[in-house]
Amino acid sequence: MAFDAIVIGTGFGGTIAAVQLAANGKSVLLLERGTFWRSPDPIGLNVGDPFGVWAKQNNMPVQYWPRPDHRKGLIDFAAAVRNLHKFGLYQYSTFNQADVLPASGVGDGSLIYSNVSIRSVKEARDRIGLNISDADYDAARQWMEGPHNDRKNANRGWLNYVVTKIPMGKDMTAADFVSLGVDPAKPPLEQDKDEAYLLLDRSRVLRMAAKQVSQKLGVAMEWNPLELSLLEYDGYKNTAAVKDSDSLLAHTHCERQGRCILGCLPQARHTLNKTLFKKVLQKPGVTLMPKCKVLQIKQKPGGYDVIFEDEFTGKGKTGTFAPKVFLAGGVLGSTEILLRSKRENTLPLGQALGTKFSTNGDFGAFAYKTTKPDKTVLPCYTTRGPINTAHVSLTFNGRFIRIEDCAVPALFAEFVSKGLEVLDDAGASPIFFKLMSATWQANVGEHLFEIPDTADPKSFQTEAEMLADSFFFNVMGQDDATGKIKLSGIDGDQIDLGWEQPIAQQKLWADIEGLLREFSSAMGGRYIDLPTWQGLLGKKKLVIVHPLGGCPIGNTHEDGVVNEFGQVFDASKPAATKSVLPGLYVVDGAVIPGALAANPSLTISAQALKSVTKALI
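In this text the structure is predicted, and so the values were computed from the model without any measurement. (Residues numbered from 1 in each chain as written. Predicted model: local features only at pLDDT ≥ 70, side-chain atom pairs only at ≥ 80, totals over all residues. Heavy atoms only, no water.)

Caption draft 1: How the structure looks around the overall build of the chain. Within the chain one finds 16 helices and 24 strands. For 617 residues, the compact-globule formula gives about 25 Å, and the C-alpha radius of gyration of the chain, at 24 Å, lands near that figure. For the chain, the C-alpha atoms occupy an extent of roughly 75 × 60 × 50 Å along the three principal directions. Of all 617 residues assigned to the chain, the portion counted as buried reaches 57%. (Helix = DSSP H or I, 4+ residues; strand = E, 2+ residues; numbered from the N terminus. Rg over C-alpha atoms; globule rule 2.2 N^0.38 Å. Buried < 20%, exposed > 50% of the residue type's maximum accessible area, 1.4 Å probe, protein only.)

Structure (structure tokens):
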């Protein structure tokens with residue numbers, strides 16, 4: 001079958017490309033290396049299971065989220081890791097100086113991200129030369145939410161704030177949440193009024209700490225709720241003439257289970273597998289092939305051959321042709337495909353390929369044993385609420401930094417709680433013997449032989465109690481995008497990531513750590529790094545959940561792989577020319593040429609929509 005376009009990957013860029021191409025009458029082949037993932041929980045008032053019926057009729061592979069919210073869930077989680085199972089959901093890629101965690105499935109990054117859909121600040125975009133305007137962001141948001149009073153044309157659904165323990169009874173703005181339960185006449189630690197209890201504890205604790213640290217350092221800081229791509233109860237959005245409520249139609253909303261990155265059991269997230277099923281997969285003209293890993297692209301007269309391993313139909317290594325190809329395989333995936341194509345001389349690509357990799361300033365750490373001034377517990381309840389709820393934004397030493405609260409899913413609670421105890425007892429020391437001594441003293445095996453003591457509140461704790469006094473920081477900042485992706489390994493065909501100057505030496509991390517120590521102190525807690533950053537297994541390593549770059553936007557093929565519209569430069573042309581390979585686009589985070597200091601999904605969506613709009617002219 002001939003197609004007008006091939007889309008590689010089904011994340012933010014791939015889904016936008018598929019939806020827009022199909023809406024313009026184009027036939028599309030979607031190639032995805034993973035499978036479908038979903039919740040097994042039925043929704044009460046919905047009649048039947050349209051997706052389940054469609055999946056069976058079309059022989060689609062379906063797997064189910066890791067589910068038990070206790071230690072047994074760790075086994076379920078392990079079964080969803082690609083390092084152990086070929087068609088797992090999570091791919092934990094380990095490199096010399098950093099580890100990267102992408103997703104693999106229909107919907108890609110949307111399956112394991114924290115739902116945050118926010119704009120980057122203009123200063124961050126200007127610093128890396130990214131030409132995304134407010135109008136581009138507005139277009140991406142409208143693509144998600146639909147035109148005003150036209151909910152049927154929403155490709156996803158309303159963005160919502162979730163910083164309270166229950167859905168609020170009115171259409172609250174960000175400013176309403178910022179001022180909820182605040183007495184500004186009092187000192188920072190004493191500003192919370194009775195109404196503040198409605199805030200999720202970690203949202204409120206972050207707000208309180210930001211006020212105190214801002215005052216101490218003399219640095220302006222702003223706390224705000226995050227806009228999340230999920231269903232919140234919004235019955236108040238109904239009007240006499242228009243039924244705008246997402247939750248009433250979907251019969252579900254966020255239940256604050258703290259497991260967004262594992263999959264939402266109530267099915268309240270706006271994941272892209274839902275968009276694809278709703279908008280294109282039930283219509284003629286779009287073909288989805290899961291379990292298909294793309295290897296390379298070959299330029300041919302009038303278009304491109306896409307070569308891939310087909311484990312969906314069992315054909316093995318095969319290929320198909322289309323005049324237009326949209327790469328949306330993620331930072332590592334899209335870059336790997338183009339690197340292999342360059343090596344095999346099937347595409348004329350320049351020296352910028354693989355460059356300008358950015359960590360997006362991703363950094364994680366804990367405030368442990370948070371306490372009030374009277375030495376009682378300052379509750380954070382890290383397992384409750386969506387993964388991210390609120391953020392503090394500031395400029396520090398000339399760079400923009402964003403600090404978010406972050407949940408720890410309940411299934412990890414016992415493991416994380418014991419790990420923090422071990423690290424704290426070891427004095428956060430990377431020395432092996434100190435760590436082993438602390439592990440022995442902490443008695444890791446105690447839960448296997450625990451006997452209930454009804455007079456001891458620490459006996460047989462719930463997962464929420466285990467992390468009641470631990471706060472998890474999720475930070476983003478402006479790193480120097482000096483990482484480089486290449487092919488290496490024994491066979492020269494494995495993706496590798498590295499830096500000429502050690503990434504751990506960039507000053508950004510010392511600035512972030514200094515800030516987080518101040519925040520931890522304001523929370524009455526002890527600051528603890530992630531074990532990878534402490535160097536427990538060797539050198540300091542980052543864990544990157546928002547990778548960017550590898551196929552960066554530039555002015556010519558000398559300093560970029562694509563132009564501002566995602567069109568791939570033709571490196572066979574003379575230097576300084578802006579010639580592109582007709583019909584070949586990159587539409588994912590690989591094109592972003594540096595740090596956004598923000599959760600990147602909305603920016604990637606805006607850039608992808610800009611690219612596909614250009615392709616359809």
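Caption draft 2: Highlighting the side chain of Ser358. When you line up the elements, Ser358 lands in the loop between helix H10 (330-343) and strand E15 (363-368). Classification of Ser358 by relative accessible area gives buried; the value is 0%. Among the polar contacts made by the side chain of Ser358, one reaches the main-chain amide nitrogen of Ala595 at a distance of 3.3 Å. Residues contacting Ser358, with those up to four places away along its chain left out, are Asp479, Ala481, His546, Pro547, Leu548, Gly594 and Ala595. (Polar contact = N/O pair within 3.5 Å; in protein donor to acceptor, adjacent residues only side chain to side chain. Contact = heavy atoms within 4.5 Å.)

Caption draft 3: Region of interest: helix H1 (residues 12-23). If you check H1, its first and last C-alpha atoms are 17 Å apart, about what twelve residues at 1.5 Å a residue would give, namely 16 Å. Across the twelve residues of H1, ten count as buried, placing the element largely inside the fold. Among the residues of H1, Phe12, Gly13, Gly14, Thr15, Ile16, Ala17, Ala18, Val19, Gln20 and Leu21 are the ones counted as buried. At the C-terminal side of H1, Gly25 shows a positive phi close to 80°. (Expected span 1.5 Å × (residues − 1).)

Caption draft 4: Molecular detail of the environment of Glu558. Position of Glu558 relative to the elements: it lies in the loop between strand E22 (542-544) and strand E23 (567-569). What makes Glu558 partly exposed here is its relative accessible area of 49%. In the structure, Glu558 is positioned 556 residues away from Ala2 in sequence and 34 Å away in space, judged by C-alpha atoms. Those residues in contact with Glu558 that lie beyond four places of it in its chain are Ala352, Ala575 and Ala576. Here the side chain of Glu558 touches Ala576 through a polar contact of 3.2 Å, landing on its backbone nitrogen.

Caption draft 5: Examining the nonpolar core more closely. If you look at the biggest cluster of nonpolar residues, it comprises 127 residues, and the most contacted ones within it are Ile297, Phe326, Phe363, Ile403 and Phe519. When residues in this core are grouped by element, the largest group, seven residues, is from helix H14 (residues 507-522). Setting aside chain neighbours within four positions, we find Phe326 in contact with Ala5, Ile6, Val7, Ile8, Ala17, Leu21, Tyr585, Val587, Val612 and Ala615. Of all hydrophobic cores here, the second largest spans 27 residues; its members include Trp37, Ala407, Val408 and Val416. (Core = buried A, V, L, I, M, F, W, Y, C linked by side-chain atoms within 4.5 Å.)

Caption draft 6: Representation of the pattern of salt bridges within the structure. Tallied over the entire structure, the rule returns 29 salt bridges. For Asp126, the salt bridge is made with Lys122, and the minimal N-O distance between the two is 2.7 Å. Taken together, the positions of Asp126 and Lys122, both in helix H4 (residues 122-128) and four residues apart, correspond to about one turn of that helix. For the salt bridge of Asp424 with Arg526, the shortest nitrogen-to-oxygen distance reads 2.9 Å. On the criterion of sequence distance, the pair formed by Asp424 in helix H11 (residues 413-425) and Arg526 in strand E21 (residues 526-529) is long-range, its members being 102 residues apart. You can call Arg526 partly exposed: its relative accessible area is 41%. Among the ionic contacts, a cluster of salt bridges with common partners joins Lys165, Asp192, Asp201, Arg204 and Arg207. (Salt bridge = Lys/Arg side-chain N within 4 Å of Asp/Glu carboxyl O.)

Caption draft 7: Local environment of helix H2 (residues 50-57). Among the residues of H2, those classed as buried are Phe51, Gly52, Trp54 and Ala55. Relative to the axis of H2, the buried residues are bounded by an arc of 165° and lie together on one face. Looking at H2, the residues exposed on the side facing more than 90 degrees away from the buried face are Pro50, Lys56 and Gln57. Considering only its buried residues, H2 is in contact with strand E3 (36-38), strand E4 (62-64) and helix H9 (272-281). Just downstream of H2 lies Asn59, where phi reads positive at about 55°. (Arc of directions from axis to C-beta.)

Caption draft 8: Geometry of the packing of aromatic side chains. In this structure the tally under the stated criterion is 17 aromatic pairs. With a centroid separation of 5.4 Å and 85° between ring planes, the pair formed by Phe51 and Phe277 is classed as edge-to-face. Taken as a pair, Phe51 in helix H2 and Phe277 in helix H9 lie far apart in primary sequence, 226 residues in all. Considered together, Phe51 and Phe277 belong to a single accessibility category, that of buried residues. (Phe/Tyr/Trp six-rings, centres within 6.5 Å; stacked < 30°, edge-to-face > 60°.)

Caption draft 9: Main features of the sheet that holds strand E11 (residues 292-300). Within the open sheet, the three strands sit side by side as E11-E12-E13. Their pairing is antiparallel. Each end of this open sheet is capped by a strand with a single partner; those strands are E11 and strand E13 (316-322). This sheet shows a mean twist of 25° between the axes of neighbouring strands, independent of strand direction. (Pairing = 2+ DSSP bridges. Axes fitted to C-alpha atoms, helices over the stretch in contact; angles between N-to-C directions.)

Caption draft 10: Just the state of the cysteines, in detail. According to the stated counting rule, one finds zero disulfides in the structure shown. With no disulfide of its own, Cys254 lies closest to Cys260 among cysteine sulfurs, the gap being 6.3 Å. We classify Cys254 as buried; its relative accessible area is 9%. Cys260 supplies the cysteine sulfur nearest to Cys264, a cysteine that is in no disulfide, at a spacing of 6.6 Å. For Cys264, a relative accessible area of 15% puts it in the buried group. (Disulfide = S-S within 2.5 Å.)

Caption draft 11: View of the pairing of strand E24 (residues 580-586). With five of its seven residues buried, E24 lies for the most part within the structure. Bridge count for strand E14 (residues 324-327) against E24 is three bridges, and the pairing is parallel. Looking at E24, one finds that Phe326 is bridged to Tyr585. Sheet topology places E23 next to E24; two bridges connect them, and they run antiparallel. From the neighbouring strand, Gln567 faces E24, where its bridge partner is Tyr585.

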